[in-house]
Amino acid sequence: MTLTLNNRSRNKESSLTQALRQIQQLNSKIAVLEQQHQDYVQKQQNLIAAIAEICVSPMQEIQALRILIYRGEAACRQYLRSVLVKQSQASK
């Protein structure tokens, strides 16, 4: 009888230890995801600031934001580079 109770206690303790370990792993993953999200938000904010600085017309800004939303950061940066090239060619 005592042996059975000890086994049950060990099993419960093992289950609790396992659950605690899983919670700690999930908390670590959440922390990583939160950091990645913060990095993403910072990049987006920097890109939006670049859009405002580079684009000379509201239509260019709208186009850049549309590209950012629908096609992503890389496509938006490419569009901004093309705007800069056109601006430099126009100023020559």
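Note that this is a predicted model, so its numbers are computed, not measured. (Residues numbered from 1 in each chain as written. Predicted model: local features only at pLDDT ≥ 70, side-chain atom pairs only at ≥ 80, totals over all residues. Heavy atoms only, no water.)

**With respect to the overall build of the protein chain**
In terms of regular secondary structure, the protein chain is built from three helices and zero strands. Counting all 92 residues of the protein chain, 14% fall into the buried class. For the protein chain, restricting intrachain contacts to residue pairs at least 6 apart in sequence, the fraction spanning at least 24 positions comes to 46%. Carbon and sulfur atoms make up 56% of the accessible area of the protein chain, which amounts to about 7,700 Å² in all. (Helix = DSSP H or I, 4+ residues; strand = E, 2+ residues; numbered from the N terminus. Buried < 20%, exposed > 50% of the residue type's maximum accessible area, 1.4 Å probe, protein only. Contact = heavy atoms within 4.5 Å. Areas by Shrake-Rupley, 256 points an atom, 1.4 Å probe, with all protein chains shown as cover.)

**Quick look at the pattern of salt bridges**
Across all of its chains, the model carries one salt bridge by this definition. The salt bridge partner of Glu 73 is Arg 77, with a shortest N-O separation of 3.0 Å. Taken together, the residues Glu 73 and Arg 77, both in helix α3 (residues 73-90) and four residues apart, mark about one turn of the helix. Among the residues examined, Glu 73 registers a relative accessible area of 24% and is labelled partly exposed. (Salt bridge = Lys/Arg side-chain N within 4 Å of Asp/Glu carboxyl O.)

**Focus on the nonpolar core**
If you look at the biggest cluster of nonpolar residues, it comprises twelve residues: Leu 47, Ile 51, Ile 54, Cys 55, Ala 64, Ile 67, Leu 68, Ala 75, Cys 76, Tyr 79, Leu 80 and Val 83. At the level of secondary structure, the elements contributing two or more residues to this core comprise α1 (2-54), α2 (58-71) and α3. Per-element tally for this core: the top contributor is α3, with five residues. Residue contacts for Ile 54: discarding those within four places in its chain leaves Leu 80, Val 83, Leu 84 and Gln 87. (Core = buried A, V, L, I, M, F, W, Y, C linked by side-chain atoms within 4.5 Å.)

**A word on the packing of α2 against α3**
At a minimum axis distance of 7 Å, the contact between α2 and α3 shows a crossing angle of 155 degrees. Here α2 is positioned roughly antiparallel relative to α3, judged by the angle of their axes. Relative to α3, the crossing made by α2 is right-handed. On the side of α2, the interface is formed by Gln 60, Gln 63, Ala 64, Ile 67, Leu 68 and Arg 71, while α3 contributes Glu 73, Ala 75, Cys 76, Tyr 79, Leu 80, Val 83 and Gln 87. (Axes fitted to C-alpha atoms, helices over the stretch in contact; angles between N-to-C directions. Parallel < 35°, antiparallel > 145°, perpendicular 65-115°, else oblique. Left-handed = near helix turned anticlockwise from the far one by under 90°.)

**Focus: the environment of Gln 44**
Tracing the sequence through the fold places Gln 44 in helix α1. By relative accessible area, Gln 44 is classed as buried at 12%. Look past the residues within four positions of Gln 44 in its chain and what remains in contact with it is Leu 68 and Glu 73.

**Points about the confidence of the model for the protein chain**
Averaged over all residues, the pLDDT of the protein chain is 89; the fraction at 70 or higher stands at 87%. α1 is the least confidently modelled element of the protein chain, averaging 87 in pLDDT, while α2 averages 95, the highest of any element. (pLDDT = per-residue confidence, 0-100.)

**Observations concerning α3**
Its 18 residues give α3 an end-to-end C-alpha distance of 26 Å, which sits within 8% of 26 Å, the value for a rise of 1.5 Å per residue. Of all the positions in α3, only Ala 75, Cys 76, Tyr 79, Leu 80 and Val 83 are classed as buried. Each buried residue of α3 lies within a common arc of 140 degrees when the element is viewed along its axis, so the set occupies one face. In α3, the exposed positions angled more than 90 degrees off the buried face are occupied by Ala 74, Gln 78 and Gln 89. (Expected span 1.5 Å × (residues − 1). Arc of directions from axis to C-beta.)

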